[in-house]
Amino acid sequence: MQDGPKHGTSHSILALCFERGLSAPFPPVSPPDTGAAAGARRTLGALGALVVFGLLGARGVLLGLEGRWRYRGYREHWRCWDWRHCGNFEHCELSPCGGLWALEVLGVLGALGALAALGALGVLGALLALLLPPPAPAETFSAMLSVRGALGTERRLLRRLRSYLRDESSRLRRLRRFYEKVQALHQDPEASVDNPLLAFSLIKRLNSDWPNVIYSDEATRNTQALHAGLREVEQELPGTEDLDGAARALMRLQDVYALNVKGLANGVFQRAGHPPLYSPSQHVSLSADDCFHVGKVAYDAGDYYHSIAWLEEAVSLFRLSYGSWNLEDRSSLEDALDHLAFSYFMAGNISHALSLSREFLRYDPSNQRVSRNVAKYKKLLEMGTGASASPLQRPNSTRLQSRDAYEELCQRPRGQPASDTLLYLSCSYETNSSPHLLLQPAKKEMVRIQPYVALYHDFITDAEAETIKGLAGPWLQRSVVASGEKQQKAEYRISKSAWLKDTADPVVRALDRRIAAVTGLDLRPPYAEYLQVVNYGLGGHYEPHFDHATSTKSPLYRMKSGNRIATIMIYLSAVEAGGSTAFIYANFSVPVQKNAALFWWNLRRNGNGDGDTLHAGCPVLAGDKWVANKWIHEHGQEFRRPCSADPQD
């Protein structure tokens, strides 16, 4: 059977390999053995002994309690339970014997057993705390606030590394002076060991100086200080899920904004034939190892559409730098060629897989697995298999039916609607007959008539937005979506969110009053939900969805206040690119506008959901997107938004 680089989700691929006489090989890249497994095996016996000891201690407690109880019951008669004659406590003969002593011993043993059990549990807890891995840190990639926190973590590591480099540089300077001194003695023709002082110095150097230099305590202390710095921030470090999530974010941006992989890896955010979507002030590009990891994440998921594009870029960059070595790289040209060849094979392009495998063997001719692959590729081509490969289709992992329309709206500059709808739109100052708006009317812009969507400019101040973000920041958790009667995380919603009651701060209470004044709706509990504050992550998005429930099994109905009749979404920040709110069926999008509030009706007047409100949060291409959502329910609004005479309305 033939081999290809190992990947995580290999069931369907292995089935295909079996059909073609192929199998997945050992991983080309693997982390070094930390010895955790061996350590765990060494401690299993100790842990088992502690558990048994704890159980015996508990048994001792029970026996001690029983003995003390019996002793107290018969102490006044100076009689005891004679263990030699009793088979049953109720029928045993009581006599003044050594049983009293036995009961006392049982009591003492019970007390010791109790202490032993507590001690065993304490030691067990300490060992578990040391042996078990630390709890996984909160997700980093799913909120830019967490990403910024990771920036602070790296600054702390930089300070540790700077201190390490300073100390090591000082040590290495002293080491160089030692080297130059000894080297000078060896180069001096008059420096003869006939001189007893030179002979003594030689013996001393070999006996103590050289071991001190090589096994330097200072070098150990410097390294230990660096390791301690890493341990200090260990629980703050992003995990594998974060790294993979960040890679998927780059692929998402590639897809939604139709970006070229080579350009994206080189820091160019531009579609072919269009102006740049984003022009960063500082040019940043990805390394060959970076591109390899993105391609490897796609490869592990069986997504060869993306793996081929990113591994091609990795191979190209590795070729340019072949022979040089970077301390931080964990992959190589051979790794990239290996994965790319097998990706092409799985995509049906066997001739290109053969070409890449031959290139691999030029660098590693002794690799038997790839040699077998080459032979198998030749045989398949001779049989006429894989002579022509069909174009790869981009996977639709979330089965999004409206993907093309959604992505077109996200790419649309400024989200401009069709020109024929502009005639019916207007801007106005609105008081809505509310005393709260008399002195400062709301700046209302009609965005769409059907569905009814209005944008209120300058709805909050910068200070209010910062207060809300500051209140929500410590409570952010990964956003979830409704799945039947449950809620769960989903790949099609990448963000973190928190809920704020109106009692959290006067700013939140004032914002609720302002929303009620602008909309004319009742926001008193339970007619509206708490304020939800959302921070989007790297490439953060929310694919097309409805805010209102489309099933009576939805968790929304647990509030017993009806469906969500309306949504008001407040943009708490600006972004540099992306992040628009796209209404799919209505065919328009609204770009992020800081401090503005977007309002729309989710339900028609007859109580049915408005299908035209299907909307999405486009991926954030660059920037830190914060929004605050207020969902208002239909109960309590009967006289504020009454039914229409038209049952279809």
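From a predicted model like this one, the values you see are computed outputs, not experimental measurements. (Residues numbered from 1 in each chain as written. Predicted model: local features only at pLDDT ≥ 70, side-chain atom pairs only at ≥ 80, totals over all residues. Heavy atoms only, no water.)

(A) Structural context of the state of the cysteines. A full pass over the atoms with the stated rule returns one disulfide. Here Cys-410 is linked by a disulfide to Cys-618, with a sulfur-sulfur distance of 2.0 Å. Between Cys-410 and Cys-618, the S-S dihedral sits near -90°, and the bridge is therefore left-handed. With Cys-410 in helix 14 (residues 403–411) and Cys-618 in the loop between strand 19 (615–617) and strand 20 (620–623), the pair connects residues that are 208 residues apart, well separated along the chain. No difference in accessibility class separates Cys-410 from Cys-618, as the two residues are buried. (Disulfide = S-S within 2.5 Å. Helix = DSSP H or I, 4+ residues; strand = E, 2+ residues; numbered from the N terminus. Buried < 20%, exposed > 50% of the residue type's maximum accessible area, 1.4 Å probe, protein only.)

(B) Structural detail: the environment of Leu-172. Mapped onto the fold, Leu-172 is located in helix 4 (residues 144–187). For Leu-172, a relative accessible area of 44% gives the class partly exposed. Measuring from C-alpha to C-alpha, the distance between Leu-172 and Ala-219 comes to 9.4 Å, with 47 residues separating the pair along the chain.

(C) Molecular detail of the pattern of salt bridges. As enumerated under the stated definition, the model contains 27 salt bridges in all. In this structure, Lys-630 and Asp-512 form a salt bridge, with 3.3 Å as the shortest nitrogen-oxygen distance. Highlighted residues: Lys-630 in strand 21 (residues 626–633) and Asp-512 in helix 16 (residues 506–519), separated in sequence by 118 residues. Considered together, Lys-630 and Asp-512 belong to a single accessibility category, that of buried residues. (Salt bridge = Lys/Arg side-chain N within 4 Å of Asp/Glu carboxyl O.)

(D) The arrangement of a nonpolar patch on the surface in detail. Together, Leu-206, Trp-210, Ile-214 and Tyr-215 give the surface a local cluster of nonpolar side chains, amounting to about 490 Å² of exposed area. With respect to the element layout, Ile-214 can be found in helix 5 (residues 196–214). Judged by relative accessible area, Ile-214 falls into the exposed class, the value being 58%. (Patch = residues over 30% accessible without salt bridge, like charges linked within 9 Å, V, L, I, M, F, W, Y side chains within 5 Å. Areas by Shrake-Rupley, 256 points an atom, 1.4 Å probe, with all protein chains shown as cover.)

(E) Broad picture of the sheet that holds strand 13 (residues 542–545). Here four strands make up an open sheet; going across it, the order is 13-19-16-17 and the pairing antiparallel. Edge strands, defined here as strands with exactly one partner in the open sheet, are strand 13 and strand 17 (588–590). Each neighbouring strand pair of the sheet contributes to a mean axis angle of 15°, computed without reference to strand direction. (Pairing = 2+ DSSP bridges. Axes fitted to C-alpha atoms, helices over the stretch in contact; angles between N-to-C directions.)

(F) Layout of the packing of helix 7 (residues 240–256) against helix 10 (residues 304–320). Contact pair helix 7 / helix 10: the axes reach a minimum separation of 12 Å and the direction vectors enclose 100°. It follows from the interaxial angle that helix 7 and helix 10 lie roughly perpendicular. Contacts between helix 7 and helix 10 involve Leu-250, Met-251, Gln-254 and Asp-255 from the former and Tyr-305, His-306 and Trp-310 from the latter. Here the contact of helix 7 with helix 10 is built from residues that sort into four nonpolar, two polar and one charged. (Parallel < 35°, antiparallel > 145°, perpendicular 65-115°, else oblique. Contact = heavy atoms within 4.5 Å. Nonpolar A, V, L, I, M, F, W, Y, C, P; charged D, E, K, R; others polar.)

(G) Just the side chain of Glu-168, in detail. When you line up the elements, Glu-168 lands in helix 4. Only 2.8 Å separates the side chain of Glu-168 from the side chain of Arg-171, close enough to count as a polar contact. One polar contact links Glu-168 to Asn-222, side chain to side chain, over a distance of 2.8 Å. Glu-168 has contacts with Ala-219 and Asn-222, leaving out every residue within four places of it along the chain. (Polar contact = N/O pair within 3.5 Å; in protein donor to acceptor, adjacent residues only side chain to side chain.)

(H) Structural view of the environment of Asp-458. Counting through the fold element by element, Asp-458 comes out in the loop between strand 7 (453–457) and helix 15 (462–472). C-alpha separation for the pair Asp-458 and Lys-443, spaced 15 residues apart in sequence, amounts to 7.2 Å. The contacts of Asp-458, once residues within four sequence positions are left out, are Lys-443, Asn-595 and Ala-596. At a separation of 2.8 Å, a polar atom in the side chain of Asp-458 contacts the side chain of Lys-443.

(I) The arrangement of empty space enclosed by the protein in detail. As enumerated under the stated definition, the model contains one cavity of 30 Å³ or more in all. Counted as a void, the largest cavity has a volume near 30 Å³. What lines the largest cavity is simply Asp-338, Ala-341, Phe-342, Ser-357, Phe-360, Val-370, Asn-373 and Tyr-377. Of all the elements in the fold, those that place two or more residues in the lining of the largest cavity are helix 11 (333–346), helix 12 (350–363) and helix 13 (368–382). Taken together, the residues of the lining of the largest cavity break down into five nonpolar, two polar and one charged. (1 Å grid on protein atoms, 1.4 Å probe; cavity = no way out; pocket = protein on both sides within 12 Å on 5 of 7 lines; lining within 4 Å. Points joined across faces, edges and corners; volume = space filled by probe spheres on them.)

(J) A look at unusual backbone geometry. A cis amide bond links Gln-450 to the next residue, Pro-451, at an omega of 0°. With respect to the helices, strands and loops of the structure, Pro-451 is situated in the loop between strand 6 (442–448) and strand 7. Residue Pro-526 follows Pro-525 across a cis peptide bond; omega there is 5°. Relative to the elements of secondary structure, Pro-526 occurs in the loop between helix 16 and strand 12 (531–536). One non-glycine residue, Ala-258, lies in positive phi territory at about 50°. Take Ala-258: it is sitting in the loop between helix 7 and helix 8 (261–265). The residue Asp-458 is not glycine, and still its phi comes out positive at about 50°.

(K) Structural view of the nonpolar core. Core analysis: the largest hydrophobic core is formed by 57 residues, its most contacted members being Tyr-257, Trp-310, Phe-345 and Leu-621. When residues in this core are grouped by element, the largest group, nine residues, is from helix 11. (Core = buried A, V, L, I, M, F, W, Y, C linked by side-chain atoms within 4.5 Å.)

(L) Broad picture of the sheet that holds strand 11 (residues 495–500). One open sheet accounts for nine strands, arranged 5-6-7-18-14-21-12-11-8; its pairing is antiparallel. Edge strands, defined here as strands with exactly one partner in the open sheet, are strand 5 (427–430) and strand 8 (477–478). Bridge count between strand 11 and strand 12: six bridges; the pairing is antiparallel. Note on strand 12: the bridge partner recorded for Leu-500 is Leu-531.

(M) Local environment of helix 11. Helix length check: helix 11, at 14 residues, gives a terminal C-alpha distance of 20 Å against a target of 20 Å (1.5 Å per residue), a fit within 8%. Of all 14 residues in helix 11, 14 are buried, a share of seventy percent or more. A positive backbone phi angle near 95° is found at Gly-348, which sits one or two residues after helix 11. (Expected span 1.5 Å × (residues − 1).)

(N) Expanded view of the packing of aromatic side chains. Throughout the structure, instances matching the rule amount to twelve aromatic pairs. The interplanar angle of 40° and the centroid separation of 5.7 Å between the aromatic rings of Phe-345 and Tyr-377 together place this pair among those described as tilted. Highlighted residues: Phe-345 in helix 11 and Tyr-377 in helix 13, separated in sequence by 32 residues. Arranged with centres 5.2 Å apart and planes meeting at 90°, the rings of Phe-583 and Trp-600 form a pair that is edge-to-face. With Phe-583 in strand 16 (residues 581–583) and Trp-600 in strand 18 (residues 597–601), this residue pair connects regions lying 17 residues apart in the sequence. Each member of the pair, Phe-583 together with Trp-600, is buried. Counting every residue linked through ring pairs, the aromatic cluster contains Phe-342, Phe-345 and Tyr-377. Positioned above the aromatic ring of Trp-601 is the side chain of Arg-641, whose terminal nitrogen or guanidinium carbon lies 4.0 Å from the ring centre. (Phe/Tyr/Trp six-rings, centres within 6.5 Å; stacked < 30°, edge-to-face > 60°. Lys NZ or Arg CZ within 6 Å of the ring centre and 35° of its normal.)

Everything listed here is a matter of geometry and, on its own, says nothing about what the molecule does.
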